[in-house]
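Remarks on the overall topology
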Amino acid sequence: MTVPPHTPYARPRILLTGASGQLGWELWRALMPLGDVVCTAGPDQVTGGAEILDLSSAAATRDLVRRVAPDFIVNPAAYTRVDQAEDEISLARALNAVAPAVLAEEAARCGAMIVHYSTDYVFDGQASRPYSEHYPPSPLNVYGQTKLEGEQAVQSGGGPYLILRTSWLYGARGNNFLSTIMKLARRQSELRIVDDQTGAPTWARQVAEATAQILAQAAPLGRGWLEERAGVYHLTAAGSTTWFGFARAILGRAQSSAPLARLVPIPTVDFPTRASRPTYSVLDCTKAATVFRVALSPWEEQLDRVMEEVNQLTAVAD
Ligand SMILES: NC(=O)c1ccc[n+]([C@@H]2O[C@H](COP(=O)([O-])OP(=O)(O)OC[C@H]3O[C@@H](n4cnc5c(N)ncnc54)[C@H](OP(=O)(O)O)[C@@H]3O)[C@@H](O)[C@H]2O)c1
């Protein structure tokens with residue numbers, strides 16, 4: 001199917017994977033006003049309104065894409081357990097590399113554009129200033145390696161694509177660093193947090209809203225406009241901090257009736273993990289700001305808004 005360049009489109013059909021995940025859940029809401037969204041969630045989920053799709057099955061994935069015949073495939077689904085990936089290499093590869101390959105192939109076949117998400121962990125962390133999209137990836141762990149393979153598969157799928165690399169995702173909902181810190185800070189008197197890994201904590205909602213903004217810009221201009229801008233883009237909060245700095249900022253904004261843990265900064269060597277992580281993985285987001293005029297706010301401002309939600313939820317739960 002050939003789409004004439006610069007033909008405006010009305011309500012695109014959007015196939016969204018991973019709607020139960022932290023980014024997928026936000027995308028579901030952000031994309032709904034733009035078109036008809038068909039949501040899918042992983043096989044472990046019973047999510048109201050989402051179809052179950054096991055992305056580790058190429059046949060099921062192909063069937064669904066052919067049935068939905070989307071204009072866009074938006075793919076935040078992934079294997080995201082960074083440490084466990086070291087021991088579950090084939091499952092991580094199936095979800096992070098093979099599934100995107102199948103989606104990209106099917107997207108090209110039905111004339112859809114694929115929007116795929118990747119990670120700062122494709123870099124080895126040896127840089128000392130923010131990574132641009134041109135910098136050669138060199139992942140340190142299985143998660144990063146399989147995500148890089150997924151990027152390469154999407155790039156060679158034969159159709160138009162956007163690969164949006166983000167970092168340190170969190171939100172008021174889901175399992176993430178913020179929810180872990182809030183839970184542990186109530187249970188323990190002291191928390192030792194790594195202070196020599198630097199990145200940009202990024203609110204999943206802002207990545208979802210930026211994605212919707214990019215697709216919305218294309219609506220009056222046509223998919224050809226977007227296809228001419230296909231490529232890899234970095235999309236994170238502005239600024240950077242360490243995990244310790246992030247934890248301190250979280251607890252500094254937390255309202256709690258119970259006393260919260262004291263934080264102690266430690267080096268990575270004192271907190272050995274199964275997977276190695278980059279020391280520095282700040283991404284330079286200039287390209288997305290220039291091409292699509294999307295720039296996410298500073299991480300501290302995002303955190304202010306997320307903690308308002310968290311504090312409200314905690315007040316209700318207390
Ligand atoms: N989390 C981060 O810090 C971070 C940082 C940088 C980039 N990213 C990237 O951003 C994207 C979104 O991450 P996230 O944190 O939102 O992930 P997440 O919360 O872990 O969600 C992952 C999603 O993938 C789905 N999934 C897992 N196995 C599946 C399967 N076999 N078939 C179908 N779906 C399956 C999950 O469904 P179930 O709920 O059924 O398991 C879930 O909806 C990913 O591409 C990730 O690599 C994440």
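Figured I'd write up the structure that's included with this text. Given the structure is predicted, the values throughout are model-derived calculations rather than measurements.

By convention here, two paired aromatic rings are described through the distance between centres and the angle between planes. Scanning the model with the defined rule gives 11 aromatic pairs in all. Considering the side-chain rings of Phe 177 and Phe 246, the 5.3 Å spacing of their centres and the 15 degrees angle between planes classify their relative orientation as stacked. Of this pair, Phe 177 sits in helix 5 (residues 177–187) while Phe 246 sits in helix 8 (residues 243–253), and the two are 69 residues apart along the sequence. Looking at Phe 246, the relative accessible area reads 1%, which means it is buried. The rings of Trp 168, Tyr 170, Phe 177, Trp 243, Phe 246 and Trp 299 are connected pair by pair, giving a single aromatic cluster. Sitting above the plane of the Trp 28 ring, Arg 29 keeps its charged end 5.4 Å from the centroid. The ring of Tyr 233 carries Lys 287 above its face, with NZ or CZ at 4.3 Å from the centroid.

In the neighbourhood of the ligand, 26 residues make up the surrounding shell, with Ser 20, Leu 23, Thr 80, Tyr 143 and Lys 147 lying closest. Within the side chain of Thr 80, an N or O atom sits 2.6 Å from an oxygen atom of the ligand. Its free accessible area being 900 Å², the ligand has 84% of it covered by the protein chains. Those elements that provide at least two residues to the shell around the ligand are helix 1 (22–31), strand 5 (113–119) and helix 4 (142–155).

Let us look at the sheet that holds strand 2 (residues 36–41). Taken in spatial order, the 7 strands of this open sheet run 3-2-1-4-5-6-11, and their pairing is parallel. Every interior strand has two partners, whereas the edge strands, strand 3 (51–52) and strand 11 (231–234), have only one. Two strands pair when backbone bridges link them, and strand 2 and strand 3 are joined in this way by 2 bridges, in the parallel orientation. Bridge pairing links Thr 40 to Glu 51 in strand 3. Helix 1 rests against strand 1 (13–16), strand 2, strand 4 (72–75) and strand 5 of the sheet, and its axis sits at about 165 degrees to strand 1. Where helix 3 (residues 89–110) meets the sheet, its contacts fall on strand 4 and strand 5, and the angle it forms with strand 5 comes to roughly 160 degrees.

Packed helix pairs are characterised by how far apart their axes lie and by the angle those axes make with each other. Their axes nearest at 8 Å, the elements helix 3 and helix 4 cross at an angle of 15 degrees. Between helix 3 and helix 4, the crossing angle belongs to the class labelled roughly parallel. The two elements helix 3 and helix 4 meet at a crossing, and its hand is right-handed. Facing Ile 89, Ala 92, Arg 93, Asn 96, Ala 97, Pro 100, Ala 101 and Ala 104 of helix 3, the residues of helix 4 in contact are Val 142, Tyr 143, Gln 145, Thr 146, Lys 147, Glu 149, Gly 150, Ala 153 and Val 154. A breakdown of the residues in the contact of helix 3 with helix 4 according to their chemical character gives 10 nonpolar, 4 polar and 3 charged.

Unlike most non-glycine residues, Trp 168 shows phi in positive territory, near 40 degrees. On the secondary structure map, Trp 168 appears in the loop between strand 6 (161–166) and strand 7 (169–170). For Trp 168, a relative accessible area of 8% gives the class buried. Despite not being glycine, Arg 293 has its phi angle at roughly 55 degrees, a positive value.

What follows covers the environment of Leu 91. Topologically, Leu 91 is positioned in helix 3. The sequence separation of Leu 91 and Glu 105 amounts to 14 residues, and the corresponding C-alpha distance is 20 Å.

Each value, and the rule that gives it
- Residues numbered from 1 in each chain as written.
- Predicted model: local features only at pLDDT ≥ 70, side-chain atom pairs only at ≥ 80, totals over all residues.
- Heavy atoms only, no water.
- Phe/Tyr/Trp six-rings, centres within 6.5 Å; stacked < 30°, edge-to-face > 60°.
- Helix = DSSP H or I, 4+ residues; strand = E, 2+ residues; numbered from the N terminus.
- Buried < 20%, exposed > 50% of the residue type's maximum accessible area, 1.4 Å probe, protein only.
- Lys NZ or Arg CZ within 6 Å of the ring centre and 35° of its normal.
- Near = heavy atom within 4 Å.
- Polar contact = N/O pair within 3.5 Å; in protein donor to acceptor, adjacent residues only side chain to side chain.
- Areas by Shrake-Rupley, 256 points an atom, 1.4 Å probe, with all protein chains shown as cover.
- Pairing = 2+ DSSP bridges.
- Contact = heavy atoms within 4.5 Å.
- Axes fitted to C-alpha atoms, helices over the stretch in contact; angles between N-to-C directions.
- Parallel < 35°, antiparallel > 145°, perpendicular 65-115°, else oblique.
- Left-handed = near helix turned anticlockwise from the far one by under 90°.
- Nonpolar A, V, L, I, M, F, W, Y, C, P; charged D, E, K, R; others polar.

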